[in-house]
Structure formats: structure tokens, C-alpha cells
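Coordinate analysis (summary)
Residues per chain are reported as follows:
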Amino acid sequence: MERTIAINSEEQYQEFLRGLPKYRGLLGYFTTYTIRGTVHTKELHDFERALNLKNRRKRITYLYDRVCDIIDQYNAEQGITCHYSAEGICEDPKHQTRKNGCCCHCYLQRPDGCPTRNLSCKFYFCDHLAKKYHALTMEDIDLLKLFTWSEREIIKNNVFVTRKTYINLLCLGSYLLFCIYSVVKFYRIKNVF
């Protein structure tokens, strides 16, 4: 079954966002969407592509990578970045006692930086950066509304993991399993005790 959705005003766009659960639901699995509109055209293209990915893992992977790209592009355009000295010391006086600033506890950290793309880490900004820049929040990215409540809760709190583990946790979609995993992960964090 094919369905065309026309979105030509901000009100229609907001109505579309409220109706996302029905588009990604069981009936949406058997529907091919064509989304056309004159507002939010980039977002509409992303929604169309995501809704037409019927394999759950492929959809989650696409959404994860696309949201990471959106954040990276926005941060590059706004010049938002953590500033470290050549020795890896943060410019914020509160964090100058440790190397790599907020990431000092992450067991993934390498001498040349972070080896993975972590969506939760991309949403995190310390007080020092929050005063200097307006960073994107989860509410600013409409594409995240294609995730379920439990998947969005995982996105809020899932720092210090690889992309592969992150996507596996999102595919499980269980907030309870994520909490159990988080307790285990806590004991792997270096320099915590």
C-alpha cells in the first residue's frame, strides 16, 4: 500500500509529528510513504527515508547515524567544540586537574581522542560550554520522535559505549535491560573510585 503525505504549513508539520506513532506502527509496516511539502523539507526527506526502512535494525541505525550527522553539522557551523591544550587539559578551570576533561572516565578514550560516535555524548555539554554556546538538545531534533519512549530514555543516558553496543541496546529497546547494563558499565569506568 502506498500513501502520500502533503505537509505545506507549520500546523500540518506539527500534526504529522504528533501522528508519528501510527506511521511507524503495525499498519506503517505495510505502507510505503511519500512525503512532500514546502516546510522542513530536509526533515521530511529524513522522515520519508526512515519510515520506508521496514527492518527495525536498519531504521534504528539510519536514525542514529543521521542524528549524529545533524549534531556534527550544527556544531561545526556554530564552532561548538571542547577546547583542550596540547597536553589534553580542558580550558575550564574546574576540569584542569584531569586529562580529556569530562571524558576522563571513559574506558574507550584513546590518546588521539574518541574512537566511536556516541549519540548521548554528543548531547552532553558541561556548564562551561553551555554558557558559551547554544547546543542542540533532544527536543530540537524532530527525527528523534521516531524512537519510542524507552529508546529516547536510552539515548539520554547512554554515554561511554561504542556505536555497535549503543545500536544493540536501542534494538533491544528495553529500558530495564539498559539499566542493568548501566550498572555493569559503571564498574568498568576508569578512575571512578
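That block above? That's the structure.
Everything in this summary refers to the structure shown in the same document. (Residues numbered from 1 in each chain as written. Predicted model: local features only at pLDDT ≥ 70, side-chain atom pairs only at ≥ 80, totals over all residues. Heavy atoms only, no water.)

Moving on: the overall build of the protein. Across its full length, the protein holds 10 helices and two strands. Tracing the protein from N to C terminus, the helices and strands come up as β-α-α-α-β-α-α-α-α-α-α-α. Counting only C-alpha atoms and orienting by the principal axes, one finds that the protein spans roughly 60 × 35 × 25 Å. Counting only residues that meet the buried cut, the protein has 41% of its 193 residues in that class. Within the protein, residue pairs in contact and separated by at least 24 positions form 64% of the contacts whose partners lie at least 6 positions apart. Carbon and sulfur atoms make up 55% of the accessible area of the protein, which totals about 11400 Å². Taking the average place of the 29 positive charges on the side chains of the protein and the average place of its 21 negative ones, the gap between the two points comes to 8 Å. (Helix = DSSP H or I, 4+ residues; strand = E, 2+ residues; numbered from the N terminus. Buried < 20%, exposed > 50% of the residue type's maximum accessible area, 1.4 Å probe, protein only. Contact = heavy atoms within 4.5 Å. Areas by Shrake-Rupley, 256 points an atom, 1.4 Å probe, with all protein chains shown as cover. Lys, Arg positive; Asp, Glu negative; His and termini not counted. Charge placed at Lys NZ, Arg CZ, Asp CG, Glu CD.)

What follows covers a nonpolar patch on the surface. A cluster of nonpolar side chains, namely L172, L176, L177 and I180, defines an oily patch on the protein surface of about 410 Å² accessible area. In terms of residue count, the dominant contributor to the nonpolar patch is helix 10 (residues 175-188) (three residues). With respect to the helices and strands, the residue L176 is situated in helix 10. (Patch = residues over 30% accessible without salt bridge, like charges linked within 9 Å, V, L, I, M, F, W, Y side chains within 5 Å. Salt bridge = Lys/Arg side-chain N within 4 Å of Asp/Glu carboxyl O.)

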